[in-house]
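So the chains spell out like this:
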Amino acid sequence: MAAFSLQLERKVESGLVACGKFDGSHACIVVATSGGNILVHSPHRRPLPNPDDDPKTGRLAWTGELAELRIGKQVTSLYAGRLGEDERDVLMIGTATHLLVYNVEDNADVFYKEMSDGAYTVTVGKLGWLTDRSVVVIGGNCSVTVLDASGTEVFWTVTGDVVVSLMIFDYDGDGANELILGSVDFEIRALKGDSVAWDVKETAPVTALVALSGCQFGYAVGNGTVGVYEMGQRLWRVKSKHRVVAIRGYDVNGDGTEELVTGWSSGKVDARVPATGEVVFRVQLSAAVVGIARADYRRTGRPDLVVVSATGEVRGFGPGAASSEASEPGDKMRELLAKKQALIAEMRHRAANPGSFASRLAVEVSCGDGAVRMALAAGPGLLVHCAIVFAEGVFDGETLVDRPSRPCGQIEIELRPPKDTPVDVHVKVCVGPMGADLLQVFELTRQLPRFCMYERIEKPIDVEDALLDESGVTIEVAERPQRVAIWLGQNLILPEETEVEVAEVGPTAGTLNVCLRGLRDGKLHRLEATSGGKIRLRTKDLNFAGEVVQSLASYLGLGELGAEANFPEDEKLMTEALERLTGLRETEIRLRAGEARGAAMLRNLLVRTEDARILGDAKNAKTRLAQLRAVNGDLIRDHEIGANSYRDLVRTLKELNAAVQRIARLRVGKASANAIAKCRSAIRDGDTRALVAVARQG
C-alpha cells in the first residue's frame, strides 16, 4: 500500500520531475507542466501571517502549498541539488537555449546562463579530476559543459551526439568520480577529463542513468530496455514493449541494498534486484509514470519513494513496501498449476517420442563470404523447424527468426557484428520430425570472439606489400611471439584443428606473421611479431589498429604502452579538419563583430525614429523605419550565417574529437593521456604540424 498520495491537478511533462530541500530541511516536489511552467509542491510550507508580506518581486508565485514558476520556454531538463556552501538545494531548469539556476527559498535567480548547445540534461556533483567543489554539468547538442557555483564555465568538451543523460559516479572503484554520460548515438561513456576511460554501445539512445550500491549503476534506453552495469560489465538487462520513463535506486524491501526502481509509460512501477534483475516489487498506476524521486515527504527521517504520473497523481512508498505489495496466495497457486500442466504435457510428449529427446544439435561457426556463419544441424531423423537468434547490436530489433518454408536438416545463419567487440549469441532451435505437434527446443549460447569479422589468409607471403604500404602502428612489449599467437587464436574464428603458430625453422624462425582480411570491407592487415618483442601491425584502418592495441594490452596485462604510428590518410583528414576549424573560428569572430555593430546601429536608429515620432516629423520617421527594416534584415541574415557556421564548427569539433580518441587508443596509460593533452593543445593553437607529430609519436 502507498504510504501517502496526493493530486497536483496538473498534467505533468514526462521525465521532468525533481525533489529538493529548498529551505534546507523540508522536501518539495518540482514538476514541469505544459507551456514552460514549473510547479513546486511544498506540503510543510508555513503560510505567512500577513499575505501582503509575501514578496512579489521574484519569479515564484505561491498559492497555499503550490508555487508556479513561469519560464516561457519549453523545459528540457530539471534537477535539484546543493551548489556551493549553502545547505539549501537550488533548482536547475534547462531549456534549448538557457540554463536557469534558481533559489526557491529566496525567490531569486542564482545565475542565468546562455547555453548555445542547449541543456537537455543537468546534474550536480564533484568531479575528482576537475575540482573538489560541486559543479553543474550540462549535457547539450554534442557537448558537455561544466559550470562552477557562480555560473562560470570551467570545462567544455565535445561528444559524439546529443547528451540526454548524465551521472557523476565512481564506476571503477578507484575512489574518484567519473562523468558518465548517455547519448543519442547509443553510447555510454565514462569521462576522466578529456579522455574516455570506458565506453559501451547500447541498442538505442541512452535516456537515463542512476547510481546504485557499490560500483553498480542502472541504465535505460529508448527501446524499452533497462539493465545494470558493474565495473564496466553488464550484469543483466530486460526489454519491454513499453518505454522506460524514469529509473531510481531505492531500498524497497528493507534489506539494506538499493533496488533498481523503474517507471514505465504503461503506468507500471517495478523494482529489481541489481545483481540478478529479479522483480521484488510491482505496482500499477492509472496513468503513465512521468518521474520517480526520493524524498522524506512525511518527515520520518527516511526518504520515501515518490512516483508521479502524467495526470499529476503523486504516490509515496516507504521502505519495506515490497512486502506490503506481495502477490496474493491465489496468484501463486495459479502460477504453480500452470507450471504443472506444462510439465505433464512435456512428459506425455517424451513418452510418445522417446527417440527425439536423445538427439543432439550440431553447431559449427565459421567465417567467410563477408559474414560469420553459424550452421545448426539436427540429429538423425529430425528436422530444424525454426531458429530464434538473439545477438545484441547485430540485427535490427536485436532478434532474428529463421523459419524455413519447409523443415530441413540444417540451416545456416549469417551474423555481421558492426563493431570489434565480443558478441554473445543466444540461440533457440526448434527440432522435431515432420508434422510433429510438439517440438524439442535446444537453447545454446556462443560467444563470437572480438575479431570474428576478420578471416585469416593462410599464405601471407602472397599478399603484396603495395596493398599495405607503410601505414600501421609499432609497439614493443616484453613478451614472446608465442603469447601473441595465443591471443590471436582466442580472438579469431579459425578452422577446427588449426592454430596460429610461430615459425620455428627458416629465415623467419622465431617470428609471427599473420595476414587478415576484413569481412566488412575486404581490407588487408598484417601482424608481425619478432622474438625481440617488437610488434608491427600494418594496416590502413586506424580504428582496427586501436582495437588491436587495446585488446593485446588487456590480454598481456599492460598498464603502460607507447606506440609509433603512421596513418597518412587519417593525418590528412585531421589536418584538413583543423584548417577548417581555424577558418570557422575566424568567421565566427567576424560575425560577432558585425552583429555588435549592427546592434549598435539598430539602437541608434530606434532612438532617432522615436525622436521623429515625438516631433511629428513623418517624413524623417518613415526614412528611419526603412533604415531600421534594412538593418534588421542584415542582422537576420548574419544570424542565419552564424547559425550555419556554428553547426559546421560543432561538426568539425566532433570529427577532431573522434580522431583524438582514435589516436589515444593506440596507446595505454599515461602515453594515452599525454597524447590526448597534446592533441587538445595543438587543436587549440591551430598547429597542424604538432597534431600530426602527436599522432605519430604520441
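Look above for the structure.
Here's a quick rundown of the structure. In this text the structure is predicted, and so the values were computed from the model without any measurement. (Residues numbered from 1 in each chain as written. Predicted model: local features only at pLDDT ≥ 70, side-chain atom pairs only at ≥ 80, totals over all residues. Heavy atoms only, no water.)

1. Quick look at the sheet that holds strand β13 (residues 143–147)
Spatial ordering of the open sheet is given by β11-β12-β13-β14, a layout of 4 strands whose pairing is antiparallel. In the strand order of this sheet, the two ends are held by β11 (121–125) and β14 (153–158), each with one partner. Sheet twist, expressed as the average angle between the axes of neighbouring strands with direction ignored, equals 15°. Strand direction decides the pairing type here: strand β12 (residues 135–140) and β13, joined by 5 bridges, are antiparallel. Bridging from a neighbouring strand, isoleucine 138 pairs with threonine 145 of β13. (Pairing = 2+ DSSP bridges. Helix = DSSP H or I, 4+ residues; strand = E, 2+ residues; numbered from the N terminus. Axes fitted to C-alpha atoms, helices over the stretch in contact; angles between N-to-C directions.)

2. Description of the nonpolar core
Core analysis: the biggest nonpolar cluster contains 62 residues, and Leu415, Val425, Val429, Val473 and Leu512 have the highest contact counts within it. In this structure, valine 425 is in contact with Met374, Val389, Phe390, Ala391, Leu415, Leu444, Thr445, Arg446 and Leu448, ignoring residues within four places of it in sequence. (Core = buried A, V, L, I, M, F, W, Y, C linked by side-chain atoms within 4.5 Å. Buried < 20%, exposed > 50% of the residue type's maximum accessible area, 1.4 Å probe, protein only. Contact = heavy atoms within 4.5 Å.)

3. Some words on the pairing of strand β18 (residues 195–201)
As paired elements, strand β17 (residues 187–192) and β18 share 6 bridges and run antiparallel to each other. Looking at the pairing, alanine 190 lines up with tryptophan 198 of β18. Where β17 folds back onto β18 in an antiparallel hairpin, the turn is made up of 2 residues, including glycine 193, whose phi is positive at roughly 70°.

4. A word on helix α8 (residues 688–697)
Buried residues of α8: Thr688, Leu691, Val692, Val694 and Ala695, and no others. The arc that holds every buried residue of α8, seen down its axis, measures 160°, which confines them to one face. Among the exposed residues of α8, those pointing more than 90 degrees away from its buried face are Arg689 and Gln697. Buried positions along α8 lie against β42 (564–566), α5 (568–615), α6 (618–664) and α7 (670–685). Two or three places before arginine 689, at the start of α8, stands the capping residue aspartate 687, its side-chain oxygen 3.2 Å from that residue's backbone nitrogen. (Arc of directions from axis to C-beta. Polar contact = N/O pair within 3.5 Å; in protein donor to acceptor, adjacent residues only side chain to side chain.)

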